[in-house]
Structures are given as structure tokens and as C-alpha cells.
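The residues making up each chain are set out below.
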Amino acid sequence: EEVDLCVTLKCNLKCSFCSVCANDTVYEELSFGQIKNFIDQAKVLGMKHLHLTGGEPTLRKDLEQIIEYSTKNKIETRIISNGYLLTKKRLLSLQKAGLSNIMISIDGLEMTHDQMRGIPGSWEKAFDSVLSAKEIGMRTRISAVAFRSNMHEISDLIKLADENEVDIFSIFLG
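This report concerns the structure included in the present document.

Cut-offs and rules
- Residues numbered from 1 in each chain as written.
- Predicted model: local features only at pLDDT ≥ 70, side-chain atom pairs only at ≥ 80, totals over all residues.
- Heavy atoms only, no water.
- Pairing = 2+ DSSP bridges.
- Helix = DSSP H or I, 4+ residues; strand = E, 2+ residues; numbered from the N terminus.
- Axes fitted to C-alpha atoms, helices over the stretch in contact; angles between N-to-C directions.
- Phe/Tyr/Trp six-rings, centres within 6.5 Å; stacked < 30°, edge-to-face > 60°.
- Buried < 20%, exposed > 50% of the residue type's maximum accessible area, 1.4 Å probe, protein only.
- Lys NZ or Arg CZ within 6 Å of the ring centre and 35° of its normal.
- Core = buried A, V, L, I, M, F, W, Y, C linked by side-chain atoms within 4.5 Å.
- Contact = heavy atoms within 4.5 Å.
- Right-handed = clockwise from strand over helix to strand, strands pointing away.

1. Some points on the sheet that holds strand β6 (residues 168-173)
So, step 1. Taken in spatial order, the six strands of this open sheet run β1-β2-β3-β4-β5-β6, and their pairing is parallel. Two strands lie at the open edges of the sheet, namely β1 (2-8) and β6, each paired on one side alone. On average, adjacent strands in this sheet sit at an angle of 25° to one another, irrespective of strand direction.
So, step 2. Summarising the sheet, strand β4 (residues 101-105) and strand β5 (residues 139-146) pair through five bridges and their orientation is parallel. Bridge pairing links N101 to R139 in β5.

2. A word on the packing of aromatic side chains
So, step 1. Throughout the structure, instances matching the rule amount to two aromatic pairs.
So, step 2. Relative to Y69, the ring of F32 lies with its centre 6.5 Å away and its plane at 85°, an arrangement referred to as edge-to-face. Here the residue F32 occupies a position in helix α1 (residues 32-44), and Y69 occupies one in helix α2 (residues 63-72), the gap between them amounting to 37 residues.
So, step 3. Aromatic pair W123 and F127: ring centres 5.2 Å apart, planes at 0°, arrangement stacked. Taken as a pair, W123 and F127 lie in helix α5 (residues 122-135) at a separation of four residues, close to a single helical turn. The exposure classification of W123 matches that of F127, with both residues buried.
So, step 4. Just above the ring of Y84 sits the side chain of K125; from NZ or CZ to the centre is 4.8 Å.

3. Quick word on unusual backbone geometry
So, step 1. The backbone of K74 shows a phi angle near 60°, a positive value even though the residue is not glycine.
So, step 2. Structurally, K74 is set in the loop between α2 and β3 (76-81).
So, step 3. Judged by its relative accessible area of 74%, K74 is exposed.
So, step 4. Even without being glycine, E165 reaches a positive phi, approximately 55°.
So, step 5. Here E165 lies in the loop between α6 (154-163) and β6.
So, step 6. By relative accessible area, which is 59% here, E165 ends up exposed.

4. What about the nonpolar core?
So, step 1. In terms of nonpolar packing, the biggest core is built from 34 residues, with L52, I67, I79, I102 and I106 touching the most fellow members.
So, step 2. Sorting elements by how many residues they give to this core places α5 first, with five residues.
So, step 3. In contact with I79, other than residues within four places in its own chain, are L52, P57, T58, L63, I67, L86, L94, L99, N101, I102 and M103.

5. Topic: the pairing of β5
Successive residues of a regular strand alternate their side chains across the two faces of the sheet.
So, step 1. Extensive coverage of β5 is indicated by the burial of seven of its eight residues.
So, step 2. In this structure, β5 lies alongside β6, joined through six bridges in parallel fashion. Bridge pairing in β6 places S143 opposite S170.
So, step 3. Between the parallel elements β5 and β6, the chain passes through α6 in a crossover that is right-handed.

Written out as C-alpha cells, the structure reads:
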């Protein structure tokens, strides 16, 4: 019923713990046509929920088209993003395409997150994307990967999510 579909291995961050080795390999992405075909086949097999992931899915220029195709086929669609490129304008564009559910990866408080993600300012952009998504009525989820280096900040991150009325908070073990 639930499928995670990696729509790109391109990424705009340099996470020290990347499990998909984003940016390490040159490859040809699935075309929009191939993704449509996959969605059609998965729907026949019972898929009800599609999670678009990567790399960083917001780097796909046709992400809105993918979301629109999926949601028009009555499949609940979510993107799993680092939030760095999710401006309010882009969020509105994704919402117009049918997206109502988003998961943003935030792995600690600002200094720790930025260090883990390899890009200064990535925490601020990620958290701003959560707030913007909430503001426009999207269902929001923060996911954190717990490591020894950030475990001491997870409870503070949960409190921050709660204070900002984030719908779901998930912890994955690194």
C-alpha cells in the first residue's frame, strides 16, 4: 500500500551520513513517462500512498507534474525533502499540483543540523519550510535521524516541533 520512490539521486546538501550516496554516481533519472508507468503499475498492485524521495526530490523540474499525476489517480502523495529549496512560492506550486503532505528532515538544533548536512544555513531553510508548509495548510512531518552526535538534542527538537504544531515527528536510527 505504501511505496517510496527515489525520483533523483541529485542533492544540494553534503550530508555526512547519506545512505543513498547522492551525487556520487552519474546516472540517468527515470523520465516522467517511466514514473507515470510505475505509478500505474503500482496502483494496480494496491499502492495507496506514494512518497517521493531522493536525493532531493525538489531538484526535479517536473516534480509538480509527478505529484499532479499521482494525486489525480487518487494516490496520497508526500515528498520527503531536506527543505532547503522549499520556498513558500514552491510550496504553493506543489500544493496546487495536489500535494498536501510533506516530510522535512531536521536532525538536531541549528549548529548540529548544519554540521551534519554540510551546508551552513540548512537548518534555518528546513525549519522555515516546515513553518511555511504549516501556514498554507499542509500536513507536516519532521523526521530526524538519531546518532550519538545529536541524541542530546532530539528532545529539544521534539519540543520545538510541538510548539510549532507540527503534525508528526519521526525518529529514525542512524
